[in-house]
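Descriptive analysis of the structure
If you want the building blocks of each chain, they are given just below.
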Amino acid sequence: NEDAAAEPAFEATDAQINTAIGSLHSMIVELIQCPIMKDMIRDPTCAPDGYIYEHSAINRCMRNGMVVSPVTRENFPQQKLVRLHGLRAFIEALLNRITGDANAAAAAAAAAAA
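Residues numbered from 1 in each chain as written. Predicted model: local features only at pLDDT ≥ 70, side-chain atom pairs only at ≥ 80, totals over all residues. Heavy atoms only, no water.

Further remarks concern the layout of surface pockets. To find leftover empty space, one rolls a probe the size of a water molecule over the atoms. Approximately 200 Å³ is the volume attributed to the largest pocket. Taken together, Ile 21, Leu 24, His 25, Ile 28, Val 29, Ile 32, Gln 33, Asp 39, Met 40, Leu 94, Leu 95 and Ile 98 make up the full set of residues lining the largest pocket. When contributions to the lining of the largest pocket are tallied by element, the ones reaching two or more residues are helix 2 (14–31) and helix 4 (85–113). Considered class by class, the residues forming the lining of the largest pocket number nine nonpolar, two polar and one charged. (1 Å grid on protein atoms, 1.4 Å probe; cavity = no way out; pocket = protein on both sides within 12 Å on 5 of 7 lines; lining within 4 Å. Points joined across faces, edges and corners; volume = space filled by probe spheres on them. Helix = DSSP H or I, 4+ residues; strand = E, 2+ residues; numbered from the N terminus. Nonpolar A, V, L, I, M, F, W, Y, C, P; charged D, E, K, R; others polar.)

On to the side chain of Asp 49. Along the polypeptide, Asp 49 turns up in the loop between strand 1 (44–46) and strand 2 (52–54). Although buried, Asp 49 forms no salt bridge, and the nearest oppositely charged side chain, Arg 73, lies 8.6 Å from it. A distance of 2.9 Å separates the side chain of Asp 49 from the backbone nitrogen of Tyr 51, its partner in a polar contact. Beyond its immediate sequence surroundings of up to four residues, Asp 49 is in contact with Ser 69, Pro 70, Val 71 and Phe 76. (Buried < 20%, exposed > 50% of the residue type's maximum accessible area, 1.4 Å probe, protein only. Lys, Arg positive; Asp, Glu negative; His and termini not counted. Salt bridge = Lys/Arg side-chain N within 4 Å of Asp/Glu carboxyl O. Polar contact = N/O pair within 3.5 Å; in protein donor to acceptor, adjacent residues only side chain to side chain. Contact = heavy atoms within 4.5 Å.)

What follows is the structure in structure tokens.
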């Protein structure tokens, strides 16, 4: 029987799903928070230490003579910054989704109150 050989469907409790969503949220927040500014990154840039920073923040630090990583405190092997356009598009899409959802919820609440 073909069904007997099939993998069982993954089943999760609401608590497991909520835990997974919370973990995913934490990972996204950590990924898009600049270690220098402690605020959301809008123009993600990878520094020589491999960490992601807001471009203006890490660029300013390096222009001011910083030669060590703000995260690891190790010397930068080079002074090259790489803008991460794909991550920037993801952040913009995420913000648009959040803003769109918030606007839709506000409009629905206003319509329900009318």
